[in-house]
Amino acid sequence: MFERVLIANRGEIALRISRALRTLGCEVAIIHGREDRLSLPVRFSDIAIPNYSANPLDSYLDYEKVIEAAKEIGAQAIHPGYGFLAENADFVRRCEEEGITFIGPSSDVISLLGDKIEARKAMEAAGLPVAKGSSEPVASSSEAATIATEIGYPVIIKAAAGGGGIGMQIVHQESEFDSALNLCQSRARSAFGDERVFIEKYIEGAQHIEFQVLADGKNAIHFGERFCSIQRRHQKLLEEGPWLSPEVREEIGARVCAGAEAVGYKGLATFEFLRDSSGEFYFLEVNPRVQVEHTVTEMITGHDLVSLGIRIAAGESLPFTQDEIEISGHAIQCRINAEDPVNFVPSPGRLWDCHFPAGFGVRVDTHAHVGYEMPGCFDSLLAKMIVWAPTREDAIAGMKTALSETVLVGVDTVIPLHKVILSEPDYLARDITIQYIEEHPNLL
Ligand code: ADP
């Protein structure tokens, strides 16, 4: 095991990683910006390295500073968490050059999976079902229209380097292509510095289902699925699992493991899919890192995924076989974002009061505390509330109780929205697609 690991992240995930590292016997170091100097992950670390910059995001994005810090304190490994540097192949390459272990897959695998066009090709070759679409970048609207006529409208234009739902455009007819293509390309250029876009069949009435994978470079196992269709602006709000029948889980699970093995994957990964109303699966992308909603899987499998990812990075092989992974009960996660619950505008500010629930099956992953100053410059995730129970009905009831015991004064949160979702008939009947929020405007 590593002796000292540098965390290149902030907020709840920095704290989550810090807990795993300490439990594994590692010293915990963290590099942080000015806004986070009093934050819990910084206060609980063994070594904190300030990296203050005029632009707060640079404190976490300037990867030469991160490498410099790791070398200065003799950290053997860097944990990127999610976001920031987690999927930056140039950063991973620099770690490899410096002989620092990046906790995650190799730079080559990150480059491959970071390009959605290449990832689609690789996973199709490995036997995963993908939606019909372009196998090369699409540059002109006439080219786009030819492909759309072939695969049928509606289609969706997506950035090859995409993430966070940025830039995606749905197109219903040829006349919309000119502006939609331009918009997607310019969003892609400004967000990712890469204007390549591609076209995919738009899957109507789809559900978002994803598989949790762990691989050691040779073999892969999966920990079942999570259902993440409750989204706002293509971003997840509430996640739960399990969702599928054991037969479907086994079938798709075997395919995702084959996909991970085909690219020599090492570490934690999430394979995202859309599932249409007839039950067909379509591969979307691989997220090559720990994910916000990994907690749901931890609760239903009883495995500490973050620790497992660190152990794999330290050179261990998979510590168990697929047969040893069992799913028990049901878990739901509500993301407690500091946002207006109607229009999702961020609501930064100081927490004058802060109390989280506890009790049987309740878990809260958060860096929030009384007096915490929620900055406006980072994402708005303040806490993740996870409830486990033997059945979905019990987990829903438990989550309602947990939310009603939560006190957050000083910022707006999406708790009122979660409360109404948890009582809404379609939600209760599992009749949910990725359009759920748009189709239920009365919830807002
Ligand atoms: P990103 O990496 O930007 O998050 P994804 O490809 O993972 O993009 O898609 C994010 C979300 O966008 C999906 O969960 C879904 O809501 C929507 N989406 C993406 N592709 C399609 C598609 N082909 N059909 C319908 N919805 C889609």
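Residues numbered from 1 in each chain as written. Predicted model: local features only at pLDDT ≥ 70, side-chain atom pairs only at ≥ 80, totals over all residues. Heavy atoms only, no water.

## So, the domain arrangement of the chain
Keep this limit in mind: All domain edges in this entry derive from an automatic or database-based domain assignment. Throughout, buried area stands for the accessible area (probe radius 1.4 Å) lost by two parts on being put together, summed over both. By definition here, a salt bridge exists when the distance from a side-chain nitrogen of Lys or Arg to a carboxyl oxygen of Asp or Glu is within 4 Å.
Along its sequence, the chain is organised into domain 1 (4-103), domain 2 (132-201) and domain 3 (207-439). The gap between the C-alpha centroids of domain 1 and domain 3 is 23 Å. Here domain 1 meets domain 3 over a buried area of about 2200 Å², counting both sides, of which 68% is carbon and sulfur. For the pair domain 1 and domain 3, the number of links is 4 salt bridges.

## So, the pairing of strand E19 (residues 381-389)
In the case of a regular strand, side chains alternate between the two sheet surfaces. Convention followed: Here's how the labels work: a residue is buried when its accessible area is under 20% of the maximum for its type, exposed when over 50%, partly exposed in between, all with a 1.4 Å probe on protein chains only. Where helices and strands are cited, they refer to DSSP runs of H or I of at least four residues and of E of at least two residues respectively, numbered from the N terminus. The pairing criterion for strands is at least two bridges between them, as found by DSSP.
The element E19 is extensively covered by neighbouring structure, given that 9 of its 9 residues are classed as buried. With 8 bridges connecting them, strand E14 (residues 330-337) and E19 associate as antiparallel partners. Bridged to Gln 333 within E19 is Ile 386.

## Some thoughts on the packing of helix H6 (residues 107-114) against helix H7 (residues 116-125)
Convention followed: Axes here mean lines fitted to C-alpha atoms, for a helix over just the part in contact, with angles spanning 0 to 180 degrees between N-to-C directions. Every angle not falling under 35 degrees, over 145, or within 65 to 115 is termed oblique; those three ranges are roughly parallel, roughly antiparallel and roughly perpendicular. Contacts are assigned to residue pairs with any non-hydrogen atoms lying within 4.5 Å of each other.
Contact pair H6 / H7: the axes reach a minimum separation of 5 Å and the direction vectors enclose 100 degrees. Classified by the interaxial angle, the pair formed by H6 and H7 is roughly perpendicular. Here Leu 112, Leu 113 and Gly 114 of H6 lie close against H7, whose contacting residues are Lys 116, Glu 118, Ala 119, Ala 122 and Met 123.

## Some thoughts on the site of the ligand
Operational definition: Think of it this way: one heavy atom of a residue within 4 Å of a molecule or strand is enough to make that residue near it. Throughout this description, a polar contact denotes any pair of N or O atoms lying within 3.5 Å of each other; where both atoms belong to protein, one of them has to be capable of donating a hydrogen while the other can accept it, and for residues adjacent in sequence the pair is counted only when both atoms sit in side chains. Only the protein chains shown count as covering a residue, and every accessible area follows the Shrake-Rupley method with a 1.4 Å probe. Three classes are used, and their members are as follows: Ala, Val, Leu, Ile, Met, Phe, Trp, Tyr, Cys and Pro are nonpolar, Asp, Glu, Lys and Arg are charged, and the others, Gly among them, are polar.
Taken together, 20 residues sit near the ligand, with Lys 116, Gly 165, Glu 200, Ile 203 and Glu 285 positioned nearest. At 2.9 Å from an oxygen atom of the ligand is found a side-chain nitrogen or oxygen belonging to Gln 231. Burial of the ligand by the protein amounts to 96% of the accessible area it has alone, namely 550 Å². At the level of secondary structure, the elements contributing two or more residues to the shell around the ligand comprise strand E6 (155-159), strand E8 (197-201), strand E12 (266-275) and strand E13 (281-287). Within the shell around the ligand, the residues separate by chemical class into 7 nonpolar, 7 polar and 6 charged. Mapped onto the domain boundaries, the shell around the ligand takes at least three residues apiece from domain 2 (132-201) and domain 3 (207-439).

## Description of the sheet that holds strand E7 (residues 169-171)
The strand order E7-E6-E8 describes an open sheet built from 3 strands, whose pairing is antiparallel. Strands with a single pairing partner mark the edges of an open sheet, and in this sheet they are E7 and E8. Across the sheet, the axes of successive neighbouring strands diverge by a mean angle of 30 degrees, strand direction being ignored. Note that E6 and E8 share 5 bridges and pair antiparallel. Residue pairing in the sheet places Ala 159 in a bridge with Val 197 of E8. Across the sheet, H7 touches E6 and E8, and the angle it forms with E8 is around 45 degrees. With respect to the sheet, helix H9 (residues 177-192) is in contact with E6, E7 and E8, its orientation differing from that of E6 by roughly 25 degrees.

## Observations regarding the side chain of Thr 406
If you trace the backbone, Thr 406 turns up in the loop between helix H13 (392-404) and strand E20 (407-409). Thr 406 sits in the buried class, given a relative accessible area of 13%. Of note is the side chain of Thr 406, whose polar atom sits 2.9 Å from the backbone oxygen of Ala 402.

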